[in-house]
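Survey of secondary and tertiary structure
Here is how the chains run, residue by residue.
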Amino acid sequence: MSFRLGLTGSIGMGKSTTASFFVDEGCALWDADAAVHRLYDKGGAAVAPMQAAFPEAVVDGVVDRARLKAIIASEPTALKQIEAIVHPLVAADRADFLKSVTADIVVYDIPLLFETGGDKAMDAVACVSIPREDQKARVMERGTMTEAQFEQILAKQMPNEDKCARADFVIVTDTLDHARQQVQDIVKEIRTGLNQNA
Ligand SMILES: CC(C)(COP(=O)(O)OP(=O)(O)OC[C@H]1O[C@@H](n2cnc3c(N)ncnc32)[C@H](O)[C@@H]1O)[C@@H](O)C(=O)NCCC(=O)NCCS
Ligand SMILES: Nc1ncnc2c1ncn2[C@@H]1O[C@H](COP(=O)(O)OP(=O)(O)OP(=O)(O)O)[C@@H](O)[C@H]1O
């Protein structure tokens, strides 16, 4: 069985970028946010239940993220409802992915890993981290969220310090080269452990 490494971190901290460095080292990757994109897309399994719960959020058979963010911003219970629809479908997507995996290390990029208790199913967890001001600046630079939407999502997440305290590895994503170096060190350490146990 593959080594299961959870990769988590708060919004905009650098999970996706760091995940790509693990792929460069030969790890397999499953990405929870990417699974949500597939589920919201045309023909995706979340479209029909989302249409039933939030008819105005579905446009041309696709869940429209801008509309969804507006709904989340104005309806306090909306995100919980969305999670109840989406999270079981995300779990099914992950189970499907696992059927075909052969890599020695599988990285699970999951923003809400600790919040959902998913860390218990991992052999180790790595958390990406940068100071809060840099995090906010990076998210604002992306231009896909207002400051209020960013703060609202952030409020739903476990504080960065708590995530880092619970993680086995903390990856500081201050520069691309530094993050890549830390990823290479972690992969080396895991592979050394795997070879010792083989
Ligand atoms: C809130 C939505 C519309 C924002 O879409 P957008 O395209 O702007 O951002 P994206 O999907 O890339 O998410 C950005 C980040 O927001 C954070 N985030 C997303 N959903 C949640 C949530 N339910 N709780 C806390 N943080 C969240 C994560 O850090 C994520 O990496 C979208 O993320 C969504 O529909 N979320 C609900 C589904 C969910 O819980 N996804 C989390 C992974 S299973
Ligand atoms: N190591 C790094 N050095 C410099 N910039 C970085 C680094 N890692 C990520 N970034 C930049 O930070 C921004 C956010 O990165 P990324 O999309 O990987 O974060 P994320 O945690 O996956 O975000 P989200 O939680 O919103 O999905 C991007 O603009 C990216 O280019």
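To start, this report covers the structure provided alongside it. These figures come from a predicted structure and were not determined experimentally.

Right, let's get into the overall build of the protein chain. Per the secondary structure count, the protein chain includes 9 helices and 7 strands. The globule rule puts the C-alpha radius of gyration for 198 residues at 16 Å, and the 17 Å found for the protein chain is close to it. Across the 198 residues in the protein chain, those meeting the buried criterion constitute 43%. Put simply, of all contacts in the protein chain between residues at least 6 apart along the chain, 71% involve residues at least 24 apart. For the protein chain, the accessible surface area stands at approximately 10300 Å², while carbon and sulfur atoms represent 54% of it. Taking the 21 positively charged and 29 negatively charged side chains of the protein chain as two groups, their mean positions are separated by 3 Å.

What surrounds ligand 2 is a group of 16 residues, the closest being Gly14, Lys15, Ser16, Thr17 and Arg142. Within the backbone of glycine 12, one N or O atom sits 3.1 Å away from an oxygen atom of ligand 2. Within the side chain of arginine 138, an N or O atom sits 3.3 Å from a nitrogen atom of ligand 2. The protein chains hide 77% of the 630 Å² of surface that ligand 2 would expose on its own. Listed by contribution, the elements that provide at least two residues to the shell around ligand 2 are helix H1 (15-24), helix H6 (132-142) and helix H9 (176-197). Considering each element in turn, the shell around ligand 2 owes the most residues, 3 residues, to H1.

Moving on to the site of ligand 1. Neighbouring residues of ligand 1: 19 residues in total, closest Asp33, Tyr40, Arg65, Lys69 and Glu83. Here an oxygen atom of ligand 1 and a side-chain polar atom of tyrosine 40 are 2.5 Å apart. At 2.7 Å from an oxygen atom of ligand 1 is found a side-chain nitrogen or oxygen belonging to histidine 87. Elements with a contribution of two residues or more to the shell around ligand 1: helix H2 (32-40), helix H4 (65-74) and helix H5 (78-98).

The next thing to look at is the sheet that holds strand S6 (residues 124-129). Sheet architecture is open: 5 strands sit in the order S2-S5-S1-S6-S7, paired in parallel fashion. Each of the sheet's edge strands pairs with one partner strand only, and the pair in question is strand S2 (28-31) and strand S7 (169-172). Taken pair by pair, the neighbouring strands of this sheet meet at an average axis angle of 25 degrees, ignoring direction. Pairing between strand S1 (residues 3-8) and S6: 4 bridges, direction parallel. Bridging across to S6, leucine 7 finds its partner in alanine 126. Of the strands in this sheet, S2 and strand S5 (105-109) are in contact with H2, which crosses S2 at around 55 degrees. Of the strands in this sheet, S2 and S5 touch H5, which is tilted by about 165 degrees from S2.

As a further point, take unusual backbone geometry. Located in the positive-phi region is aspartate 60, a residue other than glycine, with phi close to 50 degrees. Mapped onto the elements of the fold, aspartate 60 is located in the loop between strand S3 (58-59) and strand S4 (62-63). Judged by its relative accessible area of 64%, aspartate 60 falls in the exposed class.

Tracing the backbone shows threonine 146 in the loop between H6 and helix H7 (147-155). Judged by relative accessible area, threonine 146 falls into the partly exposed class, the value being 42%. For the pair threonine 146 and leucine 5, spaced 141 residues apart in sequence, the C-alpha to C-alpha distance is 32 Å.

Our focus in this paragraph is the nonpolar core. Core analysis: the largest hydrophobic core is formed by 36 residues, its most contacted members being Tyr40, Met50, Leu68, Ile82 and Val86. The set of elements that each furnish at least two residues to this core consists of S2, H2, helix H3 (47-53), H4, H5, S5 and S6. The dominant element in this core, judged by the number of residues it contributes, is H5, at 6 residues. Discounting chain neighbours no more than four positions away, the residues touching tyrosine 40 are Ala46, Val47, Met50, Gly61, Val62, Val63, Arg65, Leu68, Ile82 and Val86. Cys27, Ala124, Phe169 and Ile186 belong to the second largest nonpolar core, which has 21 residues in total.

What counts and how
- Residues numbered from 1 in each chain as written.
- Chains lettered and ligands numbered in written order.
- Predicted model: local features only at pLDDT ≥ 70, side-chain atom pairs only at ≥ 80, totals over all residues.
- Heavy atoms only, no water.
- Helix = DSSP H or I, 4+ residues; strand = E, 2+ residues; numbered from the N terminus.
- Rg over C-alpha atoms; globule rule 2.2 N^0.38 Å.
- Buried < 20%, exposed > 50% of the residue type's maximum accessible area, 1.4 Å probe, protein only.
- Contact = heavy atoms within 4.5 Å.
- Areas by Shrake-Rupley, 256 points an atom, 1.4 Å probe, with all protein chains shown as cover.
- Lys, Arg positive; Asp, Glu negative; His and termini not counted.
- Charge placed at Lys NZ, Arg CZ, Asp CG, Glu CD.
- Near = heavy atom within 4 Å.
- Polar contact = N/O pair within 3.5 Å; in protein donor to acceptor, adjacent residues only side chain to side chain.
- Pairing = 2+ DSSP bridges.
- Axes fitted to C-alpha atoms, helices over the stretch in contact; angles between N-to-C directions.
- Core = buried A, V, L, I, M, F, W, Y, C linked by side-chain atoms within 4.5 Å.

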